[in-house]
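# A structural walkthrough
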Amino acid sequence: VVSQSLNDPTTDTLRAFGVAVLLAIGLLLATRQVGGGYALHGNYRAQVDALLDGRLALTAAPEGLAHDLAWSEGGVQQVWGLGAPLWQVPFEVVGRAVGVQPVPDRIALGAWLAVVAYVTLRAFRRGRDSTEPRFANLGCVLLVLGLPALVAMLRGRLGVYEEAATYAYGAAVILMCGLVAFVRHPTTARLLVLLAFA
């Protein structure tokens, strides 16, 4: 009974999820990103507020122009894309519902890193009938999550550019791991999910 429960797909999923959360928290702690919990810049926070108000522009007033912002389409726009703010919106919605506003930015970043770690762990898991050595899969996971450039970037001042690069790195890792999972076990559903995410 114990061996059956250890080989249960639900147990594997929960174990991978737990390890992914621990890896994300460990990475944030090791790189000293847990400090105040908030980003040093306010660009994404302003974009999240604008999205929740139903607009793309941060403000329609030209006086709102500041460093790294642009005037376009009759409003002030941040130029770093909508990916990170769209990821942060659900956290802010939940935070407002429970009375925590603004939600610390590092919670959303930690959740993103946990998703990246989870997808990486699932893509490089060793199957029951696999002939691959265990250390090869573990090495792939450690290389992806402990990439020296990523760790060095997270250890430094995490400005708006570095935060965008961290989210972009995570998206690239998810695409790569999706491709690995598809190559190992090709199914139409995996291909469609991979194409939709791309």
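Let me begin by describing the structure that accompanies this report. The model shown is predicted, which means the values in this text are computed figures rather than measured ones.

We now examine the overall build of the protein chain. Counting secondary structure elements, the protein chain contains 9 helices and 2 strands. Starting at the N terminus and walking to the C terminus, you meet the elements of the protein chain as α-α-α-β-β-α-α-α-α-α-α. Principal-axis analysis of the C-alpha atoms places the extent of the protein chain at approximately 65 × 40 × 35 Å. In the protein chain, which comprises 198 residues, the proportion classed as buried is 32%. Looking at the protein chain alone, contacts between residues at least 24 apart form 64% of all its contacts between residues at least 6 apart. On the protein chain, roughly 11500 Å² of surface is accessible, and the fraction owed to carbon and sulfur atoms is 68%. When the 15 positive and 13 negative side-chain charges of the protein chain are each reduced to one mean point, those points stand 12 Å apart.

So, on to the packing of helix H7 (residues 148-155) against helix H8 (residues 160-184). Helix packing for two helices is described by the angle between their axes and how far apart those axes are. For the pair H7 and H8, the least separation of the axes is 10 Å and the interaxial angle reads 150°. By the angle between their directions, the pair H7 and H8 is classed as roughly antiparallel. As H7 runs across H8, the sense of the crossing is left-handed. Where H7 approaches H8, its residues Leu 150, Met 153 and Leu 154 are matched on the opposing element by Glu 162, Ala 165, Thr 166 and Tyr 169. Here the residues of the contact of H7 with H8 are counted per class, giving 5 nonpolar, 1 polar and 1 charged.

Reading the values: rules and limits
Residues numbered from 1 in each chain as written. Predicted model: local features only at pLDDT ≥ 70, side-chain atom pairs only at ≥ 80, totals over all residues. Heavy atoms only, no water. Helix = DSSP H or I, 4+ residues; strand = E, 2+ residues; numbered from the N terminus. Buried < 20%, exposed > 50% of the residue type's maximum accessible area, 1.4 Å probe, protein only. Contact = heavy atoms within 4.5 Å. Areas by Shrake-Rupley, 256 points an atom, 1.4 Å probe, with all protein chains shown as cover. Lys, Arg positive; Asp, Glu negative; His and termini not counted. Charge placed at Lys NZ, Arg CZ, Asp CG, Glu CD. Axes fitted to C-alpha atoms, helices over the stretch in contact; angles between N-to-C directions. Parallel < 35°, antiparallel > 145°, perpendicular 65-115°, else oblique. Left-handed = near helix turned anticlockwise from the far one by under 90°. Nonpolar A, V, L, I, M, F, W, Y, C, P; charged D, E, K, R; others polar.

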